[in-house]
Amino acid sequence: MEYPGGVNSRPDLTLAQRKRQLVAGELTESALQLLARKGFDAVTIDEIATAAGVSKRTFFRYFASKEDVVVQFLADMGTGIRAELAARPPEEPPSTALRHAVWVPLGECADHGERALRVVRLILRTPALHARFLERQAQWREDLAAELAERLGLDADADPGLYPRMAAGMALNAFDAVLHRWSAGEGVVLDVAPAPDALLDRAFAVIAPALDAGPGARA
């Protein structure tokens, strides 16, 4: 299973680079599943390395700590969100483009069901990891704001960037609210719990009018 923002194989990479990606992917999957199942403090790096079929030394070639695995996972999620926004058709209104952008990691979580849900709960319910998640979201906001400003042709010298930052913040608040609602409670049966896409639609129905009323926005 590959997690949102996980490692993807690309045909233009060398054999060594593809091998490195595969090892990083195995370590990430093993780490996230062990951490989600046993709890952050209960898992050792030795256990992660053993589960991934590599040595402890190999683990440290890729990650500095258990927390670093999750931080990289979150960084990759943010990269995926910005890349999707950049790829959206230029004629789309901001609410539509941003909705598609933040859906990228949510959609992959939904596709992976219970396993992804355990990872989401791990991040949201482990104080140290949640703090890093919030740090990453702050960076995502800056990246999305920059991408949105470029998309709308806003002049950074003439416009202080208020609209792009607020729009990016609203989109990520919707993303965060959906994650919390989707992961709420123990023993939630996924096929009867609110679906993430429906939750995201509800969240964006609230913020879409403001997103599409900004400078340069296309209604």
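What you see is a predicted model; the values in this text were computed from it and never measured.

Some thoughts on the overall build of the protein chain
Counting secondary structure elements, the protein chain contains 8 helices and 0 strands. Its helices and strands taken in sequence order, the protein chain reads α-α-α-α-α-α-α-α from the N to the C terminus. The burial tally for the protein chain puts 43% of its 219 residues in the buried class. Excluding contacts between residues fewer than 6 apart, the proportion of contacts in the protein chain whose partners are at least 24 apart in sequence is 71%. When the accessible surface of the protein chain is totalled, it reaches about 10,900 Å², and 54% of it is carbon and sulfur.

Some points on the confidence of the model for the protein chain
Per-residue confidence for the protein chain averages 83 on the pLDDT scale, and 84% of its residues sit at or above 70. Residue range residues 1–10 is modelled with pLDDT below 50. Its contacts to residues more than four positions away, or to other chains, number 32 contacts.

Describing helix H6 (residues 127–152)
The end-to-end C-alpha separation of H6 is 37 Å, in line with the 38 Å expected for 26 residues at 1.5 Å each. Packed against the buried residues of H6 are helix H4 (66–87), helix H5 (94–125) and helix H7 (162–183). Phi for Gly153, located one or two positions after H6, is positive at around 70 degrees.

Some thoughts on empty space enclosed by the protein
What the rule picks out here adds up to 1 cavity of 30 Å³ or more. In this structure, the largest cavity spans a volume of roughly 70 Å³. Looking at the largest cavity, the residues that line it are Phe73, Leu74, Met77, Cys109, Val120, Ile123, Leu124, Phe133 and Leu179. For the lining of the largest cavity, the secondary structure elements donating two or more residues are H4 and H5. For the lining of the largest cavity, the element with the highest residue contribution is H5, accounting for 4 residues. Of the residues assigned to the lining of the largest cavity, the class counts are 9 nonpolar, no polar and no charged.

Let's talk about the packing of aromatic side chains
We describe a pair of aromatic rings using the distance from one ring centre to the other and the angle between the two ring planes. The final tally for this structure, using the stated rule, is 4 aromatic pairs. Between the aromatic rings of Phe59 and Phe60, the centroid separation amounts to 5.4 Å while the plane-to-plane angle is 90 degrees, which identifies the pairing as edge-to-face. Residue class for Phe60 comes out partly exposed when judged on its relative accessible area of 40%. Consider the rings of Phe59 and Phe63, whose centres lie 5.8 Å apart with planes at 45 degrees: the pair is tilted. In terms of burial, Phe59 and Phe63 fall into one category: buried. Members of the aromatic cluster, joined through ring pairs, are Phe59, Phe60 and Phe63. One residue, Arg99, lies across the ring of Trp103, its end atom 5.4 Å from the ring centre.

Quick word on the packing of H4 against H5
H5 packs onto H4 with a crossing angle of 155 degrees between their chain directions and a minimal axis gap of 7 Å. Considered as vectors, H4 and H5 are oriented roughly antiparallel to each other. Relative to H5, H4 is oriented so that their crossing is right-handed. Across from Val70, Phe73, Leu74, Met77, Gly80, Ile81, Glu84 and Leu85 in H4, the residues of H5 making contact are Ala97, Leu98, His100, Ala101, Val102, Val104, Pro105, Val119 and Ile123. Looking at the contact of H4 with H5 residue by residue, the classes come out as 14 nonpolar, 2 polar and 1 charged.

Definitions and cut-offs
- Residues numbered from 1 in each chain as written.
- Predicted model: local features only at pLDDT ≥ 70, side-chain atom pairs only at ≥ 80, totals over all residues.
- Heavy atoms only, no water.
- Helix = DSSP H or I, 4+ residues; strand = E, 2+ residues; numbered from the N terminus.
- Buried < 20%, exposed > 50% of the residue type's maximum accessible area, 1.4 Å probe, protein only.
- Contact = heavy atoms within 4.5 Å.
- Areas by Shrake-Rupley, 256 points an atom, 1.4 Å probe, with all protein chains shown as cover.
- pLDDT = per-residue confidence, 0-100.
- Expected span 1.5 Å × (residues − 1).
- 1 Å grid on protein atoms, 1.4 Å probe; cavity = no way out; pocket = protein on both sides within 12 Å on 5 of 7 lines; lining within 4 Å.
- Points joined across faces, edges and corners; volume = space filled by probe spheres on them.
- Nonpolar A, V, L, I, M, F, W, Y, C, P; charged D, E, K, R; others polar.
- Phe/Tyr/Trp six-rings, centres within 6.5 Å; stacked < 30°, edge-to-face > 60°.
- Lys NZ or Arg CZ within 6 Å of the ring centre and 35° of its normal.
- Axes fitted to C-alpha atoms, helices over the stretch in contact; angles between N-to-C directions.
- Parallel < 35°, antiparallel > 145°, perpendicular 65-115°, else oblique.
- Left-handed = near helix turned anticlockwise from the far one by under 90°.

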